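# Commentary on secondary and tertiary structure
So the chains spell out like this:
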Amino acid sequence: ADGWADPSRLYAAGRRAQQLRDAATAALAEAFAVRPDELSLWPSGTAAAQAAVLGALAGRARQGDTLVHSAIEHSAVLHAAGRGAAVEVGVDRLGRLDLAAWERAVTAPGTALAALISASHEVGTVQPVAAAAGYCAEAGVPLFVDAAQSIGRVPVPPGWSLLSASAHKWGGPPGVGVLVVRKGVRWISPYPQDDLYRPGAAGALDLPAVVAAAASLRAVLAEAQTTAVRLSALVDRIRDRVAATVPDVEVVG
């Protein structure tokens, strides 16, 4: 029954909505270990990821127009990459980033942005984000991390410049995406704005869903250690069973 008013208005219900919005944003920022003013809310994880890529490329137009990305990025990022010049970096047979090729790509002239998914959304391989971020830092290239598969499960290593996530991936409601742009990173919205300009998606915010997203992430993080122990045991069981029952199979940890 609460939170449906416009949080930008001054009447009583609007002020209450503003309080709810600010509290939810602060809770999300705390979970992401970032400042509240570095975080913006979007209508989906796809929208947040594409805004990260397009906005960062727009902000870095003077430095170049090339996006370096892994070969296993989510289709949302790949479609955004198709808007301009892009360099794809391959992975090994386990789906792990080729760091030597990554270093060569991000240090090439004209590279404006690098994008790396934190963990494969198909095979689950956790990517070497910290090492990739180190090469980006040496080259002076911001790194965008699509952390939709990691938030609420494992910590994302530091060193990134932009990060996106999706609430329904951690068990929250659909229709809530999160974009973090660290201070000092130049980002220009690639979309037309409404009459109340703000660094985020134009239009009304689904505030009840945002509040639910913040509450669900807090709950997931509170149970993360217990959940990790339970799931690790199941993973070990699957590996043992596959190795014992499927001939000529190599189980890789």
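Residues numbered from 1 in each chain as written. Predicted model: local features only at pLDDT ≥ 70, side-chain atom pairs only at ≥ 80, totals over all residues. Heavy atoms only, no water.

### Quick notes on the pattern of salt bridges
- Scanning all chains against the criterion turns up six salt bridges.
- Two residues, aspartate 22 and arginine 21, come together in a salt bridge whose shortest N-O distance is 3.4 Å.
- One salt bridge in this structure joins aspartate 37 and arginine 35, with 2.8 Å as the shortest N-O distance.
- Here arginine 35 falls in the partly exposed class, since its relative accessible area comes to 45%.
- One network of salt bridges, in which partners are shared, links Arg35, Asp37 and Lys183. (Salt bridge = Lys/Arg side-chain N within 4 Å of Asp/Glu carboxyl O. Buried < 20%, exposed > 50% of the residue type's maximum accessible area, 1.4 Å probe, protein only.)

### Notes on the pairing of strand S5 (residues 143-146)
- Neither face of S5 is left uncovered, since the one carrying Leu143 and Val145 and the one carrying Phe144 and Asp146 both have all their residues buried.
- Here strand S4 (residues 111-117) runs beside S5; their pairing, made up of four bridges, is parallel. Across the sheet, alanine 115 pairs through a bridge with phenylalanine 144, a residue of S5.
- After leaving S4, the chain enters helix H5 (residues 129-139) and then returns to the sheet as S5, a path that is right-handed.
- Bridge count between S5 and strand S6 (residues 162-166): three bridges; the pairing is parallel. When the sheet's bridge partners are listed, aspartate 146 is paired in S6 with serine 164. (Helix = DSSP H or I, 4+ residues; strand = E, 2+ residues; numbered from the N terminus. Pairing = 2+ DSSP bridges. Right-handed = clockwise from strand over helix to strand, strands pointing away.)

These figures capture arrangement, not role.
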